[in-house]
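# Understanding the architecture of this molecule
Okay, here's what each chain looks like letter by letter:
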Amino acid sequence: MNRRFRLQMLLLIFPFFFFSSLRAQQSVTGKVIAGDRAAMGATILVKGSLITTQTDDNGVFTISAPANATLVVTFVGFGSEEVKVTKAPLNIELQALNQQMNEVVVIGYGSAKKRDLTGAVASIKGDDLRTGTAADASGLLQGKAAGVVVQNSGGAPGQAPAIVIRGSGTFGNDQPLYIIDGMIASSMSFINPNDIASIEVLKDASAAAIYGSRAANGVVLVTTKSGTTGEIKINFSAKYGSQSPTNKLNFLNARQYADWNNQAHDNDGTPRGPLNDNLFNPKINTDWQSLSLGKAPLSDYNLSVSGGGQFSRFFLSGEYFDQKGIVVDSRFKRYAVRANSSFTKGKLKLTEALSISRSVNNPNTYFGRERGELPIMPVYDSTKLGGFAGLEPAAAGVNRIINWYGRALLDNNLYTTDQALGNVGLEYEIIKGLKYKMNLGIDYSMYHAFDYSPAFFMSTSQEASQDQSTLNEGFTRSLTTLVEHTLNYSNSFGYHHLELLAGYTSQTGNARTVGANADTYPSNLLQVVDAASNRLANGNLQEAGLQSILGRFTYNYKSKYLLTATLRRDGSSKFRYPANTYGNYPSFSVGWRPTEEKFFPENSIISDLKFRGSYGTLGSQNIDNYITSSTLNINSGYYFAGGVQNGVGLTNFSNPDIKWESSRTTDFGTDISLLKGKILITADYFNRRSYDILASIPIPIYGGAGSSLTKNAASVSNKGFELSATYNHQNGSKGDFKYSITGIFTAIKNNVIALGDGVSPITGGGFTQESLTATRTDVGHPIGSFWGYQVLGIYQTADEVAKDGRTDARPGDFRFSKDQTWLGSPFPKFDYGITFNASYKNFDMNMFWQGVQGNKVWNAKRAWQYTFDYGSGKLTDVMSAWTPQNTNTNMPRASFIDPANNKRSSSFYVEDGSYLRLKTFSIGYNLSATAVNKLKITSARFYISAQNLITLTKYRGYDPEVGRSDLTGLFSVGVDVSAYPQAKLISAGIDLSF
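First things first, this report covers the structure right here in the doc. (Residues numbered from 1 in each chain as written. Predicted model: local features only at pLDDT ≥ 70, side-chain atom pairs only at ≥ 80, totals over all residues. Heavy atoms only, no water.)

## Points about the environment of Thr742
One can find Thr742 in strand β38 (residues 737-754). According to the relative accessible area criterion, Thr742 is partly exposed, its value standing at 24%. Sequence spacing of Thr742 and Gly833 is 91 residues, and the spatial spacing of their C-alpha atoms is 8.1 Å. Apart from the residues lying within four places of it in its own chain, the contact partners of Thr742 are Ala725, Thr726, Gly833, Ile834 and Thr835. There is a polar contact of 3.0 Å between the side chain of Thr742 and the side chain of Thr726. (Helix = DSSP H or I, 4+ residues; strand = E, 2+ residues; numbered from the N terminus. Buried < 20%, exposed > 50% of the residue type's maximum accessible area, 1.4 Å probe, protein only. Contact = heavy atoms within 4.5 Å. Polar contact = N/O pair within 3.5 Å; in protein donor to acceptor, adjacent residues only side chain to side chain.)

## Focus: the pattern of salt bridges
Any two side chains of opposite charge can pair, so long as their charged atoms come close to each other. Applying the stated criterion to the full structure yields 39 salt bridges. Linking Glu82 and Lys47 is a salt bridge whose minimum nitrogen-to-oxygen distance equals 3.2 Å. Taken together, the residues span a long stretch of sequence, with Glu82 in strand β7 (residues 78-84) and Lys47 in the loop between β3 (43-46) and β4 (52-54) at a distance of 35 residues. A salt bridge links Arg358 to Asp418; the shortest N-O distance between them is 2.6 Å. Of this pair, Arg358 sits in strand β22 (residues 348-362) while Asp418 sits in strand β23 (residues 412-431), and the two are 60 residues apart along the sequence. A relative accessible area of 40% places Arg358 in the partly exposed class. (Salt bridge = Lys/Arg side-chain N within 4 Å of Asp/Glu carboxyl O.)

## Some remarks on the sheet that holds strand β40 (residues 773-777)
Pairing in this open sheet of 4 strands is antiparallel, and the strands run β39-β40-β41-β44 from one edge to the other. The open sheet is flanked by β39 (762-766) and β44 (821-824), the only strands paired with a single partner. Strand-to-strand twist of the sheet, defined as the mean angle between neighbouring strand axes without regard to direction, takes the value 45°. Where strand β41 (residues 785-788) and β44 come together, 3 bridges link them in antiparallel fashion. Bridging across to β44, Phe786 finds its partner in Gly824. (Pairing = 2+ DSSP bridges. Axes fitted to C-alpha atoms, helices over the stretch in contact; angles between N-to-C directions.)

## Quick notes on the nonpolar core
Core analysis: the largest hydrophobic core is formed by 57 residues, its most contacted members being Trp260, Ile376, Phe767 and Trp858. Among the elements that make up this core, the one with the highest residue count is helix α4 (residues 254-268) (5 residues). Setting aside chain neighbours within four positions, we find Trp858 in contact with Phe767, Ala774, Phe786, Trp787, Leu823, Ser905, Ser906, Tyr909, Val910, Gly974, Val975 and Asp976. If you look at the next biggest cluster of nonpolar residues, it comprises 43 residues, including Ala122, Ala205, Ala208 and Val220. (Core = buried A, V, L, I, M, F, W, Y, C linked by side-chain atoms within 4.5 Å.)

## Focus: the sheet that holds strand β51 (residues 975-976)
Read across the open sheet, the 3 strands follow the order β48-β47-β51; overall the sheet is mixed. The open sheet is flanked by β48 (910-912) and β51, the only strands paired with a single partner. Across 2 bridges, strand β47 (residues 856-859) lies against β51 in parallel orientation. Looking at β51, one finds that Trp858 is bridged to Val975.

## Topic: empty space enclosed by the protein
One pass over the structure, following the stated rule, counts 8 cavities of 30 Å³ or more. Computed from the structure, the largest cavity encloses a volume of approximately 460 Å³. Taken together, 31 residues line the largest cavity, and the ones lying closest to its centre are Thr133, Ala134, Ala135, Gln947 and Gln982. Among the secondary structure elements, those contributing two or more residues to the lining of the largest cavity are α2 (126-129), β49 (915-926), β50 (939-953) and β52 (983-993). Residues that form the lining of the largest cavity fall into these classes: 11 nonpolar, 16 polar and 4 charged. The space that makes up the second largest cavity amounts to roughly 250 Å³. If you trace the second largest cavity, you find 22 residues lining it, with Val150, Gln151, Val852, Asn855 and Tyr915 closest to the centre. Every element with two or more residues in the lining of the second largest cavity is listed here: β12 (148-151), β46 (843-853) and β47. Counting residues per element, the lining of the second largest cavity draws most heavily on β12, at 4 residues. Partitioned by chemical class, the residues of the lining of the second largest cavity number 11 nonpolar, 8 polar and 3 charged. (1 Å grid on protein atoms, 1.4 Å probe; cavity = no way out; pocket = protein on both sides within 12 Å on 5 of 7 lines; lining within 4 Å. Points joined across faces, edges and corners; volume = space filled by probe spheres on them. Nonpolar A, V, L, I, M, F, W, Y, C, P; charged D, E, K, R; others polar.)

## Overview of a nonpolar patch on the surface
A cluster of nonpolar side chains, contributed by Ile232, Ile234, Phe236, Tyr240, Tyr301, Leu303 and Phe994, occupies part of the molecular surface with about 650 Å² of accessible area. Elements that contribute at least two residues to the nonpolar patch include exactly β18 (230-245) and β19 (296-308). It is β18 that provides the largest number of residues to the nonpolar patch, a total of 4 residues. Considering the arrangement of structural elements, one finds Ile234 in strand β18. (Patch = residues over 30% accessible without salt bridge, like charges linked within 9 Å, V, L, I, M, F, W, Y side chains within 5 Å. Areas by Shrake-Rupley, 256 points an atom, 1.4 Å probe, with all protein chains shown as cover.)

## Concerning unusual backbone geometry
Glycine aside, negative phi is the norm for most residues, and most peptide bonds take the trans geometry. The phi dihedral of Glu463 is positive, around 70°, even though this residue is not glycine. Position of Glu463 relative to the elements: it lies in the loop between β25 (456-457) and β26 (465-466). The class of Glu463 is partly exposed, set by a relative accessible area of 30%. Here Asp898, not a glycine, exhibits a phi torsion of approximately 50°, which is positive. Relative to the elements of secondary structure, Asp898 occurs in the loop between α10 (862-865) and β48. You can call Asp898 buried: its relative accessible area is 13%.

## Describing the pairing of β22
As judged from the 15 bridges shared by strand β21 (residues 331-345) and β22, these two strands associate in the antiparallel manner. Within β22, the position partnered with Lys345 by the bridge is Leu348. Connecting β21 to the antiparallel partner β22 that follows it, the hairpin turn spans 2 residues, and Gly346 within it adopts a positive phi of roughly 65°. Relative to β23, β22 runs antiparallel, the two being bridged by 14 bridges. Residue pairing in the sheet places Leu350 in a bridge with Leu426 of β23.

This is how it looks when you write it as structure tokens:
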């Protein structure tokens, strides 16, 4: 055939094959669902061909394919699916490759998928919190989130821990901002942990900047449970446990103490106390520690009802929590009720969240004062007013002796807080993608403090008697209101997804306090102010307001290129000058997911990879009200013309130039998913610099008012690295055995950059009545670092004493460094947590280890439990005190007078505070489906659990978790003056669902 003939034949044959192939094709339609939403932009490929299409905004697609073809459906973050072509429309559901990366987390004024986040956000599910038991839910965050350090200040019932996010960047209140179901709160202390659905911690400026001036210390977002569509569900849980101290100290018995006391008097050349010498009574041997510290019960009961239909949902819960303290006469109770609901009508949605609680705290404020409780003193004496025994100091050979155990039982101290926190949200969809929301919130509380101390007599020692009964009683009523208006626009255009947020908020708060001090009662049974002969009233009012505008822009392209920009402007009534009233807080962050790039290898070990970077500014208005105004005493008296005249006196200078404390944060992070989601890794490096920190500048005494002036002067740096890693494993042909391991690691370096001109180093951490201090805050060191003399050893001979030029010392006294120096930091070099969860058929197990490494603790109790105090019970360590016959020791000679000032601030008090603790361990059993059906219930779980079961530490005090004296006591972190011991808890419980 010639070329022309072949061409003619092809032209005749081609239309036949072309139209034949068209007759074999058909139009296929369908919808792709990814997780809980339509998969916009999913790719549909006819297998074995180049024919492709993509789903539209609603996940719908249309494609031409042969009747027997197979479609391959792929979507970012989800496993691919292969489906056969049918004539009926296809409904294709994709399964997430990595469920955790596709989880929706709460962010400020909205929510987002974890895989699309560009900021540093830690998310903790409510189920992860309920493995432990705590009166304050914030304590359950310990070891659960990288970058979040929980400082437990002992184990007192109801004790609120300090939460520090990415280091302390202020000298004042370094606690985070709490947002509970959209309402601002001061803490989480009133929340029932069983009601928590999730907690999100906003750590960097990009995530937290939407809250502006209150977010410098991070933000904790708490979302409580809500109802679900379906049948009504009833859940009941009960827990009962026994608490005991994690550790006890070894105190001298009466005979040992008497011998030591005599030795100290002999060394000082002073007369012995008769009760330790010729009048020693061998029948008296009081173990004050066993009396004051022992076992105590804990119980927790919860009931919830939830349900809903197509247009409404509800959740109701109630709690009764009762914890007696392991220290005598200490107890905490909480009664809590919660109601959450939502209603939908067309484009209108109404939500409501309300929490009502009452907490009653009965603390023992005398525990830890071993000063005065001597084993040679009996407990009771029916001949004494009040019924408790006491001894005269001279007879005991001390300067004072006090029955603190008796004082704790005599006093009546109750602190009651009634709180109602709630908000109502109204949301309306104006047009598709554009929603308006109004949020109205209220936080109302009534705090009642009641301190009654009866008349009593134990001895003539200081604080061992009281002629008249006294009552200090006060009420504080607080009200905070919040009004927020926001517009949120969300839409997708092909591969582009856009979200815009704009809003206005207004918050006002006031607190009115009224109280009375009364004394001289006719009877200890009449514990009311009116019954007292002498009464003095007091009261004050505090008010503040904050107004803000905010905006956020979020954009992503194919979930591959991510961008977020935020701006908030706040105006606070706490600042006097208009130029300082407002603060602007911008931030931006970007993200890139290289696994979505064409060049990234397929079937890689890496299932998902994202790089993040952010920078932003945050502010802080955590200062006292009226600090920019001078204070006057309008009832001040002054001496004039031979008498005291009424007048007005200036009591404190103000600085009207005070402005916001601010911080700038840079964050670089990555999120990695390996082996199709079996391994998840999140790592962040951050650098946060806080500036314009308020510090006190000393002023001359001739100023006439106060001793210092507050000024924006200091700067503090916090640099750190965070790592969180999870491994999920499932084994067995039927998948009966499952386990997961999660570890978190945080390393933060805190450093004072500047204090400002004229600002002296700040001392703190007072630990004795002689005003000795433990900490010093200065440039080049962490906040509240330990400061004192270095103990170089003990003088063995008089020649050694003379060589150092000491005239106050003698052999057996400490040898100190010439000058004071830095003795360590209370902040750990790193902290960590390891959680292991496992299940096999109907059994489940949880084990959680938590620890810190590299921090120091100032064991202040060594000042009186060892050799430096007159009226104190002593530890057995003092039996190795230096004597001419016992020179190989680190314990100085026994002395009450202490002429060498061995008691001074020194390295003698500094100990290693590192520890590793088995925080929680539990084993549970779920009833089988057969048993559940017979009982006509939905589910039942029985469990036993242990808390603080094992503690590995070198610290010689009660417990290495000493925290700080109060939530804002930054300069006392790690100073153990009288920290309440942690409790070991063994409990059993049941969870039932109907």
